[in-house]
Amino acid sequence: MDFTDVTLTALRVFRAVAERGTLTAAASQLGYTQSAVSRQIASLERVTGATLLERRHDGVRLTAPGRLVLRRATAVLDEIDAGARELAGLPAQAGTVHVGWFPSAGAALLPAAVTALRETDPEITVISREGSTPALVRALRTGSLDLALLGSAPPFRPPDAESPALVLQTLTERALHIAVPAAYPLARRDFVDVADLRGQRWIAGPPSGEDRLMGVCPGLDEKPDIVHTARDWLAKLHLVAAGCGLTTVPAALAPAAPPGVRILPVRGGPQEQRRLLLARLPTPPTEAATRVAAALHTAALDADTPS
(Lines give C-alpha, C1' and ligand atoms only; values in the text may rest on other atoms or scores of the structure.)
Protein backbone atom coordinates (compact mmCIF):
# COMPACT_ATOMS: atom_id res chain seq x y z
CA MET A 1 0.00 0.00 0.00
CA ASP A 2 1.52 3.32 -1.12
CA PHE A 3 -0.55 6.42 -0.30
CA THR A 4 1.78 8.56 -2.37
CA ASP A 5 -0.18 7.28 -5.37
CA VAL A 6 -3.49 8.63 -4.03
CA THR A 7 -4.77 11.65 -5.95
CA LEU A 8 -6.74 14.55 -4.51
CA THR A 9 -9.39 13.88 -7.13
CA ALA A 10 -9.87 10.33 -5.83
CA LEU A 11 -10.18 11.64 -2.26
CA ARG A 12 -12.73 14.27 -3.27
CA VAL A 13 -14.75 11.71 -5.19
CA PHE A 14 -14.63 9.27 -2.27
CA ARG A 15 -15.81 11.95 0.17
CA ALA A 16 -18.66 12.91 -2.16
CA VAL A 17 -19.80 9.31 -2.49
CA ALA A 18 -19.67 8.81 1.28
CA GLU A 19 -21.67 11.98 1.85
CA ARG A 20 -24.27 11.53 -0.89
CA GLY A 21 -24.77 7.82 -0.32
CA THR A 22 -24.74 6.76 -3.99
CA LEU A 23 -22.33 6.93 -6.90
CA THR A 24 -25.03 8.55 -9.02
CA ALA A 25 -25.62 11.40 -6.56
CA ALA A 26 -21.88 12.00 -6.16
CA ALA A 27 -21.43 12.09 -9.94
CA SER A 28 -24.22 14.66 -10.24
CA GLN A 29 -22.68 16.84 -7.50
CA LEU A 30 -19.21 16.74 -9.03
CA GLY A 31 -20.25 16.99 -12.68
CA TYR A 32 -18.69 13.60 -13.50
CA THR A 33 -20.10 10.55 -15.20
CA GLN A 34 -20.96 7.62 -12.96
CA SER A 35 -18.29 5.51 -14.66
CA ALA A 36 -15.65 8.16 -13.85
CA VAL A 37 -16.70 8.08 -10.20
CA SER A 38 -16.51 4.28 -10.21
CA ARG A 39 -12.99 4.41 -11.66
CA GLN A 40 -11.81 6.83 -8.98
CA ILE A 41 -13.22 4.64 -6.20
CA ALA A 42 -11.65 1.55 -7.77
CA SER A 43 -8.26 3.26 -7.98
CA LEU A 44 -8.46 4.28 -4.31
CA GLU A 45 -9.37 0.74 -3.28
CA ARG A 46 -6.42 -0.63 -5.29
CA VAL A 47 -4.00 1.74 -3.57
CA THR A 48 -5.35 1.02 -0.08
CA GLY A 49 -5.67 -2.69 -0.71
CA ALA A 50 -9.07 -2.68 1.00
CA THR A 51 -12.75 -2.57 0.18
CA LEU A 52 -13.85 0.92 1.22
CA LEU A 53 -17.52 0.80 0.24
CA GLU A 54 -20.14 -1.88 0.67
CA ARG A 55 -22.42 -1.80 -2.37
CA ARG A 56 -26.09 -2.23 -1.45
CA HIS A 57 -29.37 -2.02 -3.32
CA ASP A 58 -30.12 1.36 -1.74
CA GLY A 59 -26.65 2.88 -2.19
CA VAL A 60 -23.32 2.43 -0.47
CA ARG A 61 -22.16 2.06 3.12
CA LEU A 62 -18.66 2.71 4.43
CA THR A 63 -16.68 -0.28 5.64
CA ALA A 64 -14.34 0.01 8.65
CA PRO A 65 -11.34 0.76 6.35
CA GLY A 66 -13.57 3.18 4.48
CA ARG A 67 -14.34 5.15 7.64
CA LEU A 68 -10.63 5.36 8.44
CA VAL A 69 -9.75 6.58 4.94
CA LEU A 70 -12.63 9.06 5.05
CA ARG A 71 -11.37 10.65 8.27
CA ARG A 72 -7.90 11.08 6.78
CA ALA A 73 -9.24 12.24 3.42
CA THR A 74 -11.39 14.91 5.08
CA ALA A 75 -8.40 16.22 7.06
CA VAL A 76 -6.20 16.34 3.95
CA LEU A 77 -8.83 18.06 1.80
CA ASP A 78 -9.60 20.61 4.51
CA GLU A 79 -5.92 21.49 4.75
CA ILE A 80 -5.63 21.80 0.96
CA ASP A 81 -8.69 24.06 0.82
CA ALA A 82 -7.34 26.22 3.66
CA GLY A 83 -4.02 26.56 1.84
CA ALA A 84 -5.81 27.57 -1.36
CA ARG A 85 -7.68 30.31 0.50
CA GLU A 86 -4.46 31.64 2.05
CA LEU A 87 -2.71 31.68 -1.30
CA ALA A 88 -5.64 33.57 -2.76
CA GLY A 89 -5.25 36.20 -0.04
CA LEU A 90 -8.52 35.30 1.64
CA PRO A 91 -8.90 35.29 5.43
CA ALA A 92 -8.89 31.97 7.21
CA GLN A 93 -12.39 30.61 7.70
CA ALA A 94 -12.06 29.61 11.34
CA GLY A 95 -15.27 31.56 11.88
CA THR A 96 -17.23 29.66 9.24
CA VAL A 97 -19.78 27.09 10.42
CA HIS A 98 -21.57 24.72 8.06
CA VAL A 99 -25.12 23.91 9.18
CA GLY A 100 -27.56 21.43 7.68
CA TRP A 101 -31.29 21.57 8.28
CA PHE A 102 -34.49 19.75 7.44
CA PRO A 103 -37.12 21.81 5.60
CA SER A 104 -39.34 23.08 8.42
CA ALA A 105 -36.30 24.15 10.50
CA GLY A 106 -35.10 26.38 7.68
CA ALA A 107 -38.40 28.23 7.47
CA ALA A 108 -38.09 30.13 10.74
CA LEU A 109 -35.49 28.78 13.15
CA LEU A 110 -32.36 29.15 11.03
CA PRO A 111 -33.13 32.72 9.85
CA ALA A 112 -33.79 33.77 13.45
CA ALA A 113 -30.47 32.33 14.63
CA VAL A 114 -28.50 33.89 11.76
CA THR A 115 -30.11 37.28 12.41
CA ALA A 116 -29.14 37.11 16.09
CA LEU A 117 -25.57 36.10 15.23
CA ARG A 118 -25.15 39.19 13.04
CA GLU A 119 -25.62 41.24 16.20
CA THR A 120 -23.68 39.12 18.70
CA ASP A 121 -20.99 37.48 16.56
CA PRO A 122 -20.66 39.31 13.24
CA GLU A 123 -17.31 37.63 12.56
CA ILE A 124 -19.00 34.22 12.24
CA THR A 125 -20.18 33.12 8.82
CA VAL A 126 -22.95 30.52 8.63
CA ILE A 127 -23.17 28.46 5.45
CA SER A 128 -26.22 26.22 5.36
CA ARG A 129 -28.03 23.73 3.22
CA GLU A 130 -31.27 21.79 3.35
CA GLY A 131 -31.38 18.01 3.22
CA SER A 132 -33.09 14.84 4.33
CA THR A 133 -32.06 13.26 7.63
CA PRO A 134 -29.93 10.52 5.98
CA ALA A 135 -28.15 13.09 3.77
CA LEU A 136 -27.47 15.44 6.69
CA VAL A 137 -26.15 12.62 8.87
CA ARG A 138 -23.81 11.46 6.09
CA ALA A 139 -22.59 15.05 5.68
CA LEU A 140 -21.83 15.23 9.41
CA ARG A 141 -19.91 11.96 9.18
CA THR A 142 -17.83 13.20 6.26
CA GLY A 143 -17.03 16.49 7.96
CA SER A 144 -18.73 18.72 5.39
CA LEU A 145 -21.24 19.85 8.04
CA ASP A 146 -20.41 21.03 11.56
CA LEU A 147 -23.97 20.99 12.89
CA ALA A 148 -27.28 19.59 11.68
CA LEU A 149 -30.85 20.34 12.71
CA LEU A 150 -32.83 17.10 12.60
CA GLY A 151 -36.46 16.28 13.23
CA SER A 152 -37.33 13.15 15.20
CA ALA A 153 -40.61 11.32 15.72
CA PRO A 154 -41.49 8.47 18.10
CA PRO A 155 -39.94 6.07 18.96
CA PHE A 156 -37.02 8.57 18.80
CA ARG A 157 -34.29 6.26 17.56
CA PRO A 158 -30.75 7.54 16.84
CA PRO A 159 -30.45 8.91 13.30
CA ASP A 160 -27.92 6.22 12.35
CA ALA A 161 -26.17 3.19 13.79
CA GLU A 162 -22.61 4.24 12.95
CA SER A 163 -19.85 4.55 15.54
CA PRO A 164 -19.00 6.79 17.27
CA ALA A 165 -22.53 7.90 18.03
CA LEU A 166 -23.47 11.45 17.14
CA VAL A 167 -23.94 13.96 19.96
CA LEU A 168 -27.65 14.84 20.00
CA GLN A 169 -29.10 17.81 21.86
CA THR A 170 -32.88 18.07 22.12
CA LEU A 171 -33.75 21.71 21.48
CA THR A 172 -37.52 21.36 21.80
CA GLU A 173 -40.17 18.68 22.12
CA ARG A 174 -43.77 19.57 21.42
CA ALA A 175 -46.89 18.01 19.97
CA LEU A 176 -47.80 18.69 16.37
CA HIS A 177 -50.12 21.64 15.75
CA ILE A 178 -52.81 22.14 13.13
CA ALA A 179 -52.61 24.74 10.36
CA VAL A 180 -56.12 26.09 9.76
CA PRO A 181 -57.38 28.57 7.15
CA ALA A 182 -57.98 31.89 8.94
CA ALA A 183 -61.46 32.07 7.37
CA TYR A 184 -62.56 28.76 8.96
CA PRO A 185 -64.67 28.90 12.15
CA LEU A 186 -62.03 26.67 13.78
CA ALA A 187 -59.52 29.53 13.49
CA ARG A 188 -61.51 31.74 15.87
CA ARG A 189 -60.41 29.70 18.87
CA ASP A 190 -57.12 29.34 20.74
CA PHE A 191 -57.06 25.57 20.16
CA VAL A 192 -58.74 22.89 18.07
CA ASP A 193 -60.61 20.01 19.66
CA VAL A 194 -59.82 16.68 18.02
CA ALA A 195 -63.55 16.00 17.67
CA ASP A 196 -63.87 19.06 15.41
CA LEU A 197 -61.44 17.50 12.94
CA ARG A 198 -63.89 14.82 11.81
CA GLY A 199 -64.95 15.29 8.21
CA GLN A 200 -62.19 17.80 7.43
CA ARG A 201 -60.12 17.73 4.24
CA TRP A 202 -56.38 17.19 4.64
CA ILE A 203 -53.17 18.26 2.93
CA ALA A 204 -50.72 15.43 3.52
CA GLY A 205 -47.08 14.76 2.85
CA PRO A 206 -45.92 11.53 1.19
CA PRO A 207 -45.14 8.83 3.76
CA SER A 208 -41.52 7.70 4.06
CA GLY A 209 -39.77 5.06 6.14
CA GLU A 210 -41.54 4.47 9.44
CA ASP A 211 -43.53 7.70 9.27
CA ARG A 212 -47.25 7.52 9.15
CA LEU A 213 -49.07 9.72 6.70
CA MET A 214 -47.53 13.10 7.44
CA GLY A 215 -49.87 16.07 7.68
CA VAL A 216 -52.90 14.23 9.10
CA CYS A 217 -53.82 14.49 12.78
CA PRO A 218 -52.93 11.18 14.48
CA GLY A 219 -55.99 11.41 16.73
CA LEU A 220 -58.52 10.94 13.91
CA ASP A 221 -60.86 7.95 14.29
CA GLU A 222 -61.83 7.95 10.61
CA LYS A 223 -60.14 7.49 7.26
CA PRO A 224 -58.82 10.95 6.32
CA ASP A 225 -60.09 12.74 3.22
CA ILE A 226 -56.79 13.69 1.57
CA VAL A 227 -57.28 16.25 -1.19
CA HIS A 228 -53.69 17.37 -1.75
CA THR A 229 -50.27 15.75 -1.27
CA ALA A 230 -47.16 17.91 -1.03
CA ARG A 231 -43.67 17.46 0.38
CA ASP A 232 -42.82 21.16 0.70
CA TRP A 233 -43.97 22.87 3.92
CA LEU A 234 -44.48 26.24 2.27
CA ALA A 235 -46.66 24.68 -0.43
CA LYS A 236 -48.76 22.99 2.25
CA LEU A 237 -49.24 26.22 4.17
CA HIS A 238 -50.24 28.17 1.06
CA LEU A 239 -52.77 25.45 0.24
CA VAL A 240 -54.15 25.90 3.76
CA ALA A 241 -54.31 29.67 3.25
CA ALA A 242 -56.29 29.07 0.06
CA GLY A 243 -58.87 27.11 2.04
CA CYS A 244 -57.94 23.76 0.51
CA GLY A 245 -57.77 21.89 3.81
CA LEU A 246 -55.86 21.41 7.05
CA THR A 247 -52.39 20.02 7.76
CA THR A 248 -50.29 19.22 10.82
CA VAL A 249 -47.13 21.24 11.35
CA PRO A 250 -44.40 21.59 13.99
CA ALA A 251 -45.15 24.45 16.36
CA ALA A 252 -41.88 26.11 15.36
CA LEU A 253 -43.36 26.85 11.93
CA ALA A 254 -45.86 29.35 13.34
CA PRO A 255 -43.64 32.42 12.69
CA ALA A 256 -43.28 31.40 9.04
CA ALA A 257 -46.98 30.87 8.38
CA PRO A 258 -48.25 32.97 5.45
CA PRO A 259 -51.20 35.36 5.82
CA GLY A 260 -54.48 33.51 5.98
CA VAL A 261 -53.22 30.71 8.21
CA ARG A 262 -53.55 30.12 11.95
CA ILE A 263 -51.47 27.44 13.66
CA LEU A 264 -53.21 26.05 16.74
CA PRO A 265 -52.64 23.30 19.31
CA VAL A 266 -54.94 20.27 19.42
CA ARG A 267 -56.78 19.10 22.51
CA GLY A 268 -58.14 15.61 23.05
CA GLY A 269 -56.98 12.37 21.48
CA PRO A 270 -53.41 11.10 21.21
CA GLN A 271 -50.71 13.71 20.77
CA GLU A 272 -47.85 13.04 18.37
CA GLN A 273 -44.65 14.53 19.72
CA ARG A 274 -41.86 15.94 17.56
CA ARG A 275 -38.32 16.59 18.74
CA LEU A 276 -36.01 19.15 17.23
CA LEU A 277 -32.45 17.87 17.55
CA LEU A 278 -29.09 19.51 17.06
CA ALA A 279 -26.53 16.92 15.97
CA ARG A 280 -22.74 16.98 15.69
CA LEU A 281 -19.79 14.63 15.77
CA PRO A 282 -18.42 13.76 19.26
CA THR A 283 -15.16 15.61 18.58
CA PRO A 284 -14.83 18.94 20.43
CA PRO A 285 -16.61 21.69 18.42
CA THR A 286 -14.89 24.91 17.41
CA GLU A 287 -15.69 28.10 19.31
CA ALA A 288 -17.63 29.33 16.28
CA ALA A 289 -19.69 26.15 16.13
CA THR A 290 -20.43 26.42 19.85
CA ARG A 291 -21.72 29.97 19.38
CA VAL A 292 -23.88 28.97 16.43
CA ALA A 293 -25.28 26.05 18.44
CA ALA A 294 -26.16 28.45 21.27
CA ALA A 295 -27.93 30.80 18.83
CA LEU A 296 -29.94 27.91 17.40
CA HIS A 297 -30.88 26.79 20.91
CA THR A 298 -32.08 30.28 21.82
CA ALA A 299 -34.04 30.61 18.58
CA ALA A 300 -35.69 27.23 19.23
CA LEU A 301 -36.69 28.23 22.74
CA ASP A 302 -38.11 31.54 21.48
CA ALA A 303 -40.12 29.74 18.79
CA ASP A 304 -41.29 27.16 21.32
CA THR A 305 -42.69 29.79 23.72
CA PRO A 306 -46.47 29.97 23.24
CA SER A 307 -47.60 33.41 22.07
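This is a predicted model, so every value here is computed, not measured. (Residues numbered from 1 in each chain as written. Predicted model: local features only at pLDDT ≥ 70, side-chain atom pairs only at ≥ 80, totals over all residues. Heavy atoms only, no water.)

Visitor: What exactly am I supposed to notice about the overall build of the protein chain here?
Guide: Helices and strands together make up the secondary structure of the protein chain, namely eight helices and 14 strands. For the C-alpha atoms alone, the extent of the protein chain along its principal axes is close to 70 × 45 × 30 Å. Looking at the protein chain as a whole, 40% of its 307 residues are labelled buried. Of the contacts formed within the protein chain by residues at least 6 apart in sequence, a portion of 71% connects residues at least 24 apart. Carbon and sulfur atoms make up 54% of the accessible area of the protein chain, which amounts to about 15900 Å² in all. (Helix = DSSP H or I, 4+ residues; strand = E, 2+ residues; numbered from the N terminus. Buried < 20%, exposed > 50% of the residue type's maximum accessible area, 1.4 Å probe, protein only. Contact = heavy atoms within 4.5 Å. Areas by Shrake-Rupley, 256 points an atom, 1.4 Å probe, with all protein chains shown as cover.)

Visitor: When you look at a nonpolar patch on the surface in this model, what are you seeing that I'm missing?
Guide: Together, Leu 8, Val 76 and Ile 80 make up a nonpolar patch on the protein surface, roughly 220 Å² of accessible area in all. If you trace the backbone, Val 76 turns up in helix H4 (residues 64-87). Its relative accessible area of 38% is what places Val 76 among the partly exposed residues. (Patch = residues over 30% accessible without salt bridge, like charges linked within 9 Å, V, L, I, M, F, W, Y side chains within 5 Å. Salt bridge = Lys/Arg side-chain N within 4 Å of Asp/Glu carboxyl O.)

Visitor: So what exactly am I meant to see when it comes to the packing of helix H1 (residues 8-20) against helix H2 (residues 23-30) here?
Guide: In helix packing, the relevant descriptors are the interaxial angle and the interaxial distance, both defined with respect to the helix axes. Following both chains from N to C, one finds H1 and H2 inclined at 125 degrees, their axes separated by 8 Å at the closest point. Comparing the axis directions of H1 and H2 gives the class oblique. Pair H1 / H2 crosses with right-handed handedness. For the pair formed by H1 and H2, the contact residues are Val 13, Ala 16, Val 17 and Arg 20 on the first element and Leu 23, Ala 25, Ala 26, Gln 29 and Leu 30 on the second. (Axes fitted to C-alpha atoms, helices over the stretch in contact; angles between N-to-C directions. Parallel < 35°, antiparallel > 145°, perpendicular 65-115°, else oblique. Left-handed = near helix turned anticlockwise from the far one by under 90°.)

Visitor: Looking at this structure, I do not really get the sheet that holds strand E11 (residues 247-249). What am I missing?
Guide: Hydrogen bonds along the backbone pair up the strands of a sheet, which may run parallel or antiparallel. Judged by pairing direction, the sheet is antiparallel, and its three strands sit side by side in the order E11-E7-E12 without closing on themselves. Strands with a single pairing partner mark the edges of an open sheet, and in this sheet they are E11 and strand E12 (261-264). If you compare each strand with its neighbour and ignore which way they point, the axes differ by 35 degrees on average. Sheet topology places strand E7 (residues 177-181) next to E11; three bridges connect them, and they run antiparallel. Directly across from Ile 178, in E11, lies its bridge partner Thr 248. Contacts from helix H7 (residues 233-241) reach E7, E11 and E12, with the element oriented near 130 degrees to E11. (Pairing = 2+ DSSP bridges.)

Visitor: Would you take a moment to explain the packing of aromatic side chains for this structure?
Guide: To describe a pair of aromatic rings, you give the distance between the ring centres and the angle between the ring planes. Summed over the entire model, instances satisfying the criterion amount to zero aromatic pairs. Between Lys 236 and the ring centre of Trp 233, over which it is positioned, the NZ or CZ distance is 4.3 Å. (Phe/Tyr/Trp six-rings, centres within 6.5 Å; stacked < 30°, edge-to-face > 60°. Lys NZ or Arg CZ within 6 Å of the ring centre and 35° of its normal.)

Visitor: Could you clarify how one ought to interpret empty space enclosed by the protein in this entry?
Guide: If you roll a probe as big as a water molecule over the atoms, it shows you where there is empty space left. Tallied over the full model, the rule gives one cavity of 30 Å³ or more. Counted as a void, the largest cavity has a volume near 40 Å³. Forming the boundary of the largest cavity are Leu 176, Ile 178, Cys 217, Pro 218, Thr 248, Val 266, Pro 270, Gln 271 and Glu 272. The residue makeup of the lining of the largest cavity, split by class, is six nonpolar, two polar and one charged. (1 Å grid on protein atoms, 1.4 Å probe; cavity = no way out; pocket = protein on both sides within 12 Å on 5 of 7 lines; lining within 4 Å. Points joined across faces, edges and corners; volume = space filled by probe spheres on them. Nonpolar A, V, L, I, M, F, W, Y, C, P; charged D, E, K, R; others polar.)

By themselves these figures say nothing about function.
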